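Below are the chains, spelled out letter by letter.
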Amino acid sequence: MRKPGVLLALLAILGLLSSCSTTQPGYFNPTQASVGERKMQARIYVSVEEAEVMSAAVAVLQDMGYSIDEVEARLGVISASKRADATNRLEAFGTLTLDSMKCALTFLMACSGNHYGEIDDVQDIRLTMVSMPQNDGSVAVRITIQRRIYDKRGRLSEQSTITDADVYASLFAKLSKAVFLEEQGI
Amino acid sequence: MIRFLLMLLPILAVSACASQNAAITASDSQMQVRQMQTRVYDSLDKHDTLRSVLATLQDLGFVIDTADYEMATITATKLDEYQLRVTVTVKDRNHSQLSVRANARIDDQTIDDPRTYQDFFTVLDKAIFLTRHNVD
């Protein structure tokens, strides 16, 4: 009868020891999607100086309400961030209605509907624009964007890299316009 | 025997994982860590190497937190189901070589798997090649 006990205790010790070591997967392996993402996240600007592109980029970020966190002109790096609303009105309305119905159903008892606190509230968006002069005199610009979404209780509900091509297209449209304005000295 | 092993459990629970203060420094061998995290390149072009590091990090989906040319240091973060943070430094090694060092953390853990760093340098090798030949 003692043997299973000893075995269990040994297993528990082994479990404790192994909980401190982890196997780490390939975090730095480029995915198959990388090539597609690169196309989506990059544009080439011709007959323009790198400094002009960077200056236009800062202006565009300011237009969109970002704060500049980091600029390193010699490496073509601009990083910026902003906190923005993340409420999906339809989701908020639906959850609030559901919670209200639950409250009505539970009548005089304490309300059990607390899903409203779980809906998305704010998001912290961070992006990097890196410019890279090319041999032919053009300047390549690449943008990467991430965000963290917090719910109404302040808990992290999602963190991810933005892979929506429309977002990047819209950003580059603004940047192209700003580069043009920069060239015109406006 | 069981009683002895059971007495051992709380001791292990406390000591098996590093204590809070021990986390401020690290217990691993400095030389081993450096070797694992460093690669030497036959180049003296710090500027192009740093640009290649930026391209590599963006290829891997990172956002740049800080970049300093003088100190040749770049820190970046990737958000997925985890938070991956990496700092890359470039240094002159001798008259003809540069060394690039990367150290990474995943959430609250240091990445101490040599293969992970090898993967990073494999991507960086390609980026350095592309930068040298100016291919986008």
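Right, let's walk through the structure included here. These numbers were taken from a predicted model, which means no experiment stands behind them.

Each value, and the rule that gives it
- Residues numbered from 1 in each chain as written.
- Chains lettered and ligands numbered in written order.
- Predicted model: local features only at pLDDT ≥ 70, side-chain atom pairs only at ≥ 80, totals over all residues.
- Helix = DSSP H or I, 4+ residues; strand = E, 2+ residues; numbered from the N terminus.
- Contact = placed C-beta atoms within 7 Å.
- Buried ≥ 20, exposed ≤ 12 C-beta atoms within 10 Å, placed from the backbone.
- Pairing = 2+ DSSP bridges.
- Axes fitted to C-alpha atoms, helices over the stretch in contact; angles between N-to-C directions.
- Parallel < 35°, antiparallel > 145°, perpendicular 65-115°, else oblique.
- Left-handed = near helix turned anticlockwise from the far one by under 90°.
- Nonpolar A, V, L, I, M, F, W, Y, C, P; charged D, E, K, R; others polar.

Okay, the overall build of chain A next. Secondary structure assignment for chain A yields five helices and six strands. Written out in order from the N terminus, the α and β elements of chain A read α-α-β-α-β-β-α-β-β-β-α. Considering only contacts within chain A whose residues lie at least 6 apart along the sequence, 58% involve residues at least 24 apart.

Moving on, we come to the overall build of chain B. Counting its regular elements, chain B contains four helices and six strands. Shown N-terminal to C-terminal, the secondary structure of chain B runs as helices and strands in the order α-α-β-α-β-β-β-β-β-α. The contacts in chain B between residues at least 6 apart in sequence include a share of 49% that link residues at least 24 apart.

Here the focus is the pairing of strand β3 (residues 73–79) of chain B. A regular strand places its side chains on the two faces of the sheet in alternate fashion. Residues and elements named next belong to chain B. Among the seven residues of β3, five are classified as buried, and the element is accordingly described as predominantly covered. The pairing of strand β2 (residues 63–68) with β3 spans five bridges and is classified as antiparallel. Bridge pairing in β3 places Asp 68 opposite Thr 73. With antiparallel pairing between neighbouring strands as the criterion, β2 and β3 make up a hairpin whose turn holds four residues, including Ala 72 at a positive phi of roughly 50 degrees. As defined by bridge partners, β3 adjoins strand β4 (residues 83–92) across seven bridges and the pair is classed as antiparallel.

Residue and element names in this part refer to chain B. Two elements in contact, helix α3 (residues 46–59) and helix α4 (residues 114–132), have axes separated by 8 Å at closest approach and are oriented at 125 degrees. By the angle between their directions, the pair α3 and α4 is classed as oblique. Classified by chirality, the crossing of α4 by α3 is right-handed. Residues Asp 48, Thr 49, Arg 51, Ser 52, Val 53, Ala 55, Thr 56 and Asp 59 of α3 pack against Val 123, Leu 124, Ala 127, Ile 128, Thr 131 and Arg 132 of α4. For the contact of α3 with α4, the per-class residue count stands at six nonpolar, four polar and four charged.

This brings us to the environment of A:Ala73. Residue and element names in this part refer to chain A. On the secondary structure map, Ala 73 appears in the loop between β2 (67–72) and β3 (77–85). Taking the number of C-beta atoms within 10 Å as the measure of exposure, Ala 73 has 13 and is therefore partly exposed. Along the sequence, Ala 73 and Tyr 168 sit 95 residues apart, while their C-alpha atoms lie 22 Å from each other.

As a further point, take the packing of helix α3 (residues 50–63) of chain A against helix α5 (residues 165–183) of chain A. Residue and element names in this part refer to chain A. Closest axis-to-axis distance for the α3/α5 pair is 8 Å, and the angle between their directions is 125 degrees. Between α3 and α5, the angle falls in the class oblique. The way α3 lies across α5 gives a crossing that is right-handed. Residue-level inspection shows Glu 52, Val 53, Ser 55, Ala 56, Ala 57, Ala 59, Val 60 and Asp 63 of α3 in contact with α5, the latter providing Lys 174, Leu 175, Ala 178, Val 179, Glu 182 and Glu 183. Looking at side-chain class alone, the contact of α3 with α5 contains eight nonpolar, one polar and five charged residues.

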